[in-house]
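Listed below, chain by chain, are the residues.
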Amino acid sequence: MIRQLLPGLLVLCACVAPAAQPTPPDRRIAVTIDDLPWQRMQRTDAAALPVRHAQLMASLREAGVPVAGFVNEDKLEVDGEVQPERVAMLRDWLDAGFELGNHTYGHVDLHAVGLPAFEQAIVRGERTLRPLLAERDATPRWFRHPYLRAGRTPDDKAAVAAFLDARGYRIAPVTVDNGEWVFAFAYANVLDGQPDTPARAATLERLHRGYVPYMLAKLDYYERQSIALLGYALPQVLLLHANELNAAAYVDLVEGIRRRGYRFVALDEAMRDPAYAREDGYRGRYGPSWLHRWAMAEAKPKTFYAGEPEVPRWVLDLAGVDSE
Ligand SMILES: [Zn+2]
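Residues numbered from 1 in each chain as written. Predicted model: local features only at pLDDT ≥ 70, side-chain atom pairs only at ≥ 80, totals over all residues. Heavy atoms only, no water.

## As for unusual backbone geometry
Negative phi characterises most residues that are not glycine, and trans characterises most peptide bonds. The linkage connecting Leu36 with the following residue, Pro37, adopts the cis geometry, with an omega of 5°. Phi at His107 takes a positive value of approximately 55°, unusual for a residue other than glycine. Of note, His107 is situated in the loop between β5 (99-102) and α4 (110-113). With a relative accessible area of 16%, His107 lands in the buried category. (Helix = DSSP H or I, 4+ residues; strand = E, 2+ residues; numbered from the N terminus. Buried < 20%, exposed > 50% of the residue type's maximum accessible area, 1.4 Å probe, protein only.)

Structure below.
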């Protein structure tokens, strides 16, 4: 009797339990950081650079989540000579357990320079990176287009993709596109352009406090866009840069994202989601989120894109830029 009843009960439990407990969204995100070793290398005081870099590395280590960093090798050079102390900055990223990828030699815009020059910039962008990774039995495997400009025609996109594939690279898309760079330009302008007074400290604090909720609003927006387009929250890919702002605010940003229910994953785990095999339907001159490129491939109406958070005017003014 008991033998007959128990299997029936077990089956009953297995059938009822999933319906009674709806699965929460599996929120995952991969962090990518561009313009290594330092975003505004030319404009950063050589004496300040080691301190700022050390602050960023300390924040990245404290946050303790996976990162893929993307290198511009022109930033390793002074007057055409690679500077060992700048290569050492990249070693710090590897020592911390982060990945490094190629972001072209001179941060070139594919849409401006054309395919042959772009391919040269990819090859020139791994002259230090490839041997650096070989020291650790690794090869470069990620590529990020500067300005996220990935080609204006299907032919150009396919040509770049084939060129990258032949050199062992995968394209690293971005889904949480954002104006972090505007906050960062503002932060650096205030830090470098104003005397070290309580007023400067207050403005830096205001930027820090404005940056995190702005980024979380962007994340919420792209989560909604993902659900609207795909029917689920895909593993997102976040774009940041190596700069003073993240040296100060990265730990708070990561904590804020965690409080949204996200867990942090490596880029290759995020990209296992089948959405990343979708068609990039964007044909314009800029570099939008891949979520919106896939929406364009489905010819979504203009209203689909409404409601994206904007960088506040006061931040644009401090950054000295007209628009995002
Ligand atoms: Zn970049």
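## What to know about the coordination of the zinc ion
For the zinc ion, every protein donor is listed as Asp35 (OD), His103 (NE2) and His107 (NE2), and the spread of their distances is 2.1 Å. Read N to C, the donor residues that coordinate the zinc ion are spaced as D-x67-H-x3-H. Of the two residues, Asp35 sits in strand β1 (residues 28-36) while His103 sits in the loop between β5 and α4, which places them 68 residues apart along the sequence. The same class applies to Asp35 as to His103, namely buried. (Donors = N, O, S within 2.8 Å, 3.2 Å for Na, K, Ca; no water.)

## Considering the pairing of strand β2 (residues 67-71)
For β2, a buried count of five out of five residues is recorded, marking the element as mostly surrounded by other parts of the structure. Residue alternation in β2 divides its side chains into two sets, Val67, Gly69 and Val71 and Ala68 and Phe70, and both sets are buried. Where β1 lies against β2, four bridges are found, and the strand directions are parallel. Looking at the pairing, Leu36 lines up with Val71 of β2. (Pairing = 2+ DSSP bridges.)

## Section: the side chain of Arg144
Along the polypeptide, Arg144 turns up in the loop between β6 (142-143) and α7 (154-166). With a relative accessible area of 0%, Arg144 lands in the buried category. Separated by 3.1 Å, the side chain of Arg144 and the backbone oxygen of Pro173 make a polar contact. Excluding residues within four positions of it along the chain, Arg144 makes contact with Thr32, Asp34, Phe70, Asn102, His103, Ala172, Pro173, Val174, Val237 and Leu239. (Polar contact = N/O pair within 3.5 Å; in protein donor to acceptor, adjacent residues only side chain to side chain. Contact = heavy atoms within 4.5 Å.)

## Describing empty space enclosed by the protein
As enumerated under the stated definition, the model contains one cavity of 30 Å³ or more in all. Estimates place the volume of the largest cavity at around 30 Å³. Around the largest cavity, the lining residues are Trp38, Gln39, Arg40, Ala184, Phe185, Ala188, Asn243 and Glu244. Per-element tally for the lining of the largest cavity: the top contributor is helix α8 (residues 180-193), with three residues. (1 Å grid on protein atoms, 1.4 Å probe; cavity = no way out; pocket = protein on both sides within 12 Å on 5 of 7 lines; lining within 4 Å. Points joined across faces, edges and corners; volume = space filled by probe spheres on them.)

## Concerning helix α9 (residues 198-230)
Since the α-helix advances by 3.6 residues per turn, residues separated by three or four positions end up pointing in the same direction. Between its terminal C-alpha atoms α9 stretches 48 Å, which fits the 48 Å expected from 33 residues at 1.5 Å a residue. Just beyond α9, the residue with positive phi is Gly231, at close to 90°. (Expected span 1.5 Å × (residues − 1).)

## Structural notes on helix α10 (residues 244-259)
Taking 1.5 Å of rise per residue, the 16 residues of α10 would be expected to cover 22 Å, and the 24 Å separating its terminal C-alpha atoms lies within 8% of that figure. The largest bend along α10 measures about 55° and falls at Tyr250. Considered for burial, the residues of α10 that qualify are Glu244, Leu245, Asn246, Ala247, Ala249, Tyr250, Leu253, Val254, Gly256 and Ile257. Near the N-terminus of α10, the side chain that reaches the backbone nitrogen of Leu245, with its oxygen 3.2 Å away, is that of Asn243. (Bend = angle between axes of the 7 residues up to and from the residue.)

## Side note on the environment of Trp181
Structurally, Trp181 is set in helix α8. Along the backbone, Trp181 and Arg285 are 104 residues apart, and their C-alpha atoms lie at a distance of 19 Å. In this structure Trp181 touches Gln39, His241, Val321, Ser323 and Glu324, once residues within four positions along its chain are discounted.

## Looking at the layout of surface pockets
Computed from the structure, the largest pocket encloses a volume of approximately 1,000 Å³. Tyr147, Asp177, Trp181, Gly287 and Glu324 are the residues nearest the centre of the largest pocket, which is lined by 32 residues in total. Secondary structure elements with two or more residues in the lining of the largest pocket: β1, α8, α9, β8 (236-241) and α12 (290-297). Across the lining of the largest pocket, the residue classes tally to 12 nonpolar, 10 polar and 10 charged. If you trace the second largest pocket, you find 19 residues lining it, with Ala161, Ile171, Tyr276, Arg278 and Trp290 closest to the centre. Elements that contribute at least two residues to the lining of the second largest pocket include exactly α7, β7 (170-171) and α12. At six residues, α7 tops the list of elements feeding residues into the lining of the second largest pocket. (Nonpolar A, V, L, I, M, F, W, Y, C, P; charged D, E, K, R; others polar.)

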